Structure formats: C-alpha cells, structure tokens
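Here are the chains, one letter per residue:
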Amino acid sequence: MLNDPSEIIRLATDFPHFVKTIEELTPGQVCPPLHLEIARALVAGHDFIAINGFRGAAKSFITALWCCWHIWLNPSIEIRMASGDRARVKQFNLSVATTLQTVPFLQHLSPLKPGAKPLLGESWYVPNCKRSEFPTFTACVSKSNFRGPRCGILVLDDALPSNMKFAPTYQERLHENLQDIPRMLHPAGAGQVFLRHGL
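Rules behind the numbers
- Residues numbered from 1 in each chain as written.
- Predicted model: local features only at pLDDT ≥ 70, side-chain atom pairs only at ≥ 80, totals over all residues.
- Heavy atoms only, no water.
- Axes fitted to C-alpha atoms, helices over the stretch in contact; angles between N-to-C directions.
- Helix = DSSP H or I, 4+ residues; strand = E, 2+ residues; numbered from the N terminus.
- Parallel < 35°, antiparallel > 145°, perpendicular 65-115°, else oblique.
- Contact = heavy atoms within 4.5 Å.
- Nonpolar A, V, L, I, M, F, W, Y, C, P; charged D, E, K, R; others polar.
- Buried < 20%, exposed > 50% of the residue type's maximum accessible area, 1.4 Å probe, protein only.
- Polar contact = N/O pair within 3.5 Å; in protein donor to acceptor, adjacent residues only side chain to side chain.
- Expected span 1.5 Å × (residues − 1).
- Core = buried A, V, L, I, M, F, W, Y, C linked by side-chain atoms within 4.5 Å.
- Phe/Tyr/Trp six-rings, centres within 6.5 Å; stacked < 30°, edge-to-face > 60°.
- Left-handed = near helix turned anticlockwise from the far one by under 90°.

J.: Help me get a handle on the packing of helix 2 (residues 15-24) against helix 4 (residues 59-73), residues and values and all.
T.: Direction vectors running N to C along helix 2 and helix 4 enclose 110 degrees, while the axes themselves pass 10 Å from each other. In terms of axis orientation, helix 2 runs roughly perpendicular to helix 4. Of the residues in helix 4, those in contact with F15, F18, V19, I22 and E23 of helix 2 are F61, I62, L65, W66, C68, W69 and W72. A per-class count over the contact of helix 2 with helix 4 returns 11 nonpolar, no polar and one charged.

What follows is the structure, encoded as structure tokens:
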C-alpha cells in the first residue's frame, strides 16, 4: 500500500482517508460516515475542538487515531491525554499503542514489540527517534486540574471525575481549569487543543 507515493501523500494530508484506511485494515471493521465526520472535525483548522456525542459513537477511538496520525507525521511530538476516569485513561493509552503495534505502516513507531501484550505505563516514547524532554505520549488522571508539562497536543476525555459531572460547580471548575490550557501548549508545532465530553 505504501509503495505508491501518491497514497503516502494522501494518508499524510487527509486524516479522514487515514481513518478509513486503518479501519479497512481491521478484519470485520467498517468505517461508518459518523467516523469520517468526527475525523473531519478534528482537522478543521480550529485551535479548540469540542466533540459531543452519544456513547459508542467512537469519539475516543477516532481521537486515538488522530494521535497516531500526528505521531506518524512527527514522532517527536508530545501528546498529553487527561481524563477524570482512570479506566478511560488506560483504554485510550491502549488504543494508541495497539494501533501503532498492529497497523503495518505504523509498526516502526510502536512502543511495543510485535506480538507483545500492550501492558504499558502511563507514558512512553516512540522508539528510535530523537527524544525530547518529555515522553511522546502521556496519559493521566485529572482529579481537579490539567496542569502539567508543556505539550504539542492536549486531549481531554471526560475531563473531570464522574462524581463531579452533575455537581453545580462542574461547569465553573471546568471553565477555570481550561484557562490553564494555553500555558500547557508549545507556542509552535501542532498546538491544537481539543475537548470532548462523553454523554
């Protein structure tokens, strides 16, 4: 597939096509129109992206592919994912790592050896690339704020703990914490922020 230079260029410049290609490489997987709609939203050129949708719409999965796409384009990028739900942190981490492990043209970026079980810590580096000060990918539980080292991309997935979702102060706390985001992003590079709420 990657013997065709035009296909390499298209995968590198057309994220929806990247998503469709990855899904077609997965046995039994189809790429519904909603997945492509989410993919288009992620590359619409906005600095701040909010994705709201029903559970099972593949918001987290397409976002994980978006992270893989950026790692493919720039293995030195620093991506940070934060969630108030530890299980979601673990699942997002595994989605990114296993995609890199199982997709043939991404395997050279995988932090896992071929066939290895995806038992990863919460941060890891892409192998054989120039290492920056911080890991390529970091996933963490955000209990009350999003402060941390600077990164090129910040993903917030169900940003605050679930026991706060329906508290009267939830929106106020979320708004307050979002003020920290510009200080967390590199002034250059991808610099994209995006936020999603699970419903």
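After that view, the rundown keeps rolling.
J.: Give me the environment of L42: which residues, what numbers.
T.: As for its position among the elements, L42 is in helix 3 (residues 33-42). Of the residues examined, L42 reaches a relative accessible area of 0% and is grouped as buried. In this structure the C-alpha to C-alpha distance between L42 and W66, which are 24 residues apart in sequence, comes to 7.6 Å.

J.: Could you give an account of the side chain of E7, naming the residues involved and the relevant values?
T.: Following the sequence through the fold, E7 ends up in helix 1 (residues 5-13). Looking at E7, its side chain comes within polar contact range of the side chain of H17, at 2.8 Å.

J.: So, helix 5 (residues 86-102): which residues are in play, and what are the values?
T.: Helix length check: helix 5, at 17 residues, gives a terminal C-alpha distance of 24 Å against a target of 24 Å (1.5 Å per residue), a fit within 8%. By the burial criterion, the buried members of helix 5 are R88, V89, F92, N93, S95, V96, A97, T99, L100 and Q101. Measuring from the side-chain oxygen of the N-cap residue of helix 5 to the backbone nitrogen of A87 gives 2.9 Å; that N-cap residue is D85.

J.: Let's hear about the nonpolar core: which residues, and what values?
T.: Grouped together as the largest cluster of nonpolar side chains are 37 residues, with contacts concentrated most on F15, F18, I62, I71, V96 and L106. Elements supplying a minimum of two residues to this core: helix 2, helix 3, helix 4, strand 2 (79-83), helix 5, strand 4 (137-141) and strand 5 (153-157). At nine residues, helix 4 tops the list of elements feeding residues into this core. Setting aside chain neighbours within four positions, we find V96 in contact with A64, C67, C68, I71, W124 and F137. One finds A82, C140, C151 and L154 within the second-largest nonpolar core, a separate group that totals five residues.

J.: Describe in detail the packing of aromatic side chains, supporting the description with residues and values.
T.: Throughout the structure, instances matching the rule amount to seven aromatic pairs. Measuring from ring centre to ring centre gives 5.4 Å for W72 and F105, while their planes differ by 65 degrees; the resulting arrangement is edge-to-face. Here W72, found in helix 4, pairs with F105, found in the loop between helix 5 and strand 3 (123-124); they are 33 residues apart in sequence, far enough to count as distant. No difference in accessibility class separates W72 from F105, as the two residues are buried. Residues W124 and F137 carry aromatic rings whose centres are separated by 5.3 Å and whose planes lie at 20 degrees to one another, so their mutual orientation is stacked. With W124 in strand 3 and F137 in strand 4, this pair connects stretches of sequence that are 13 residues apart. A residue is classified by how much of its surface remains accessible, and W124, at 5% relative accessible area, is buried.

J.: So what's going on with the environment of E7? Which residues, and what values?
T.: Residue E7 is classed as buried on the basis of its relative accessible area, which comes to 16%. Distance from E7 to H17, taken between C-alpha atoms, is 9.8 Å for residues 10 residues apart in sequence.

J.: Outline the packing of helix 2 against helix 3, supporting the account with residue identities and numerical values.
T.: At a minimum axis separation of 8 Å, helix 2 and helix 3 run at an interaxial angle of 140 degrees. Crossing angle aside, the handedness with which helix 2 passes helix 3 is right-handed. Of helix 3, the residues touching helix 2 (which contributes F15, P16, V19, K20 and E23) are H35, L36, A39, R40 and L42. Taken together, the residues of the contact of helix 2 with helix 3 sort by class into six nonpolar, one polar and three charged.

Nothing here speaks to function; it is all geometry.
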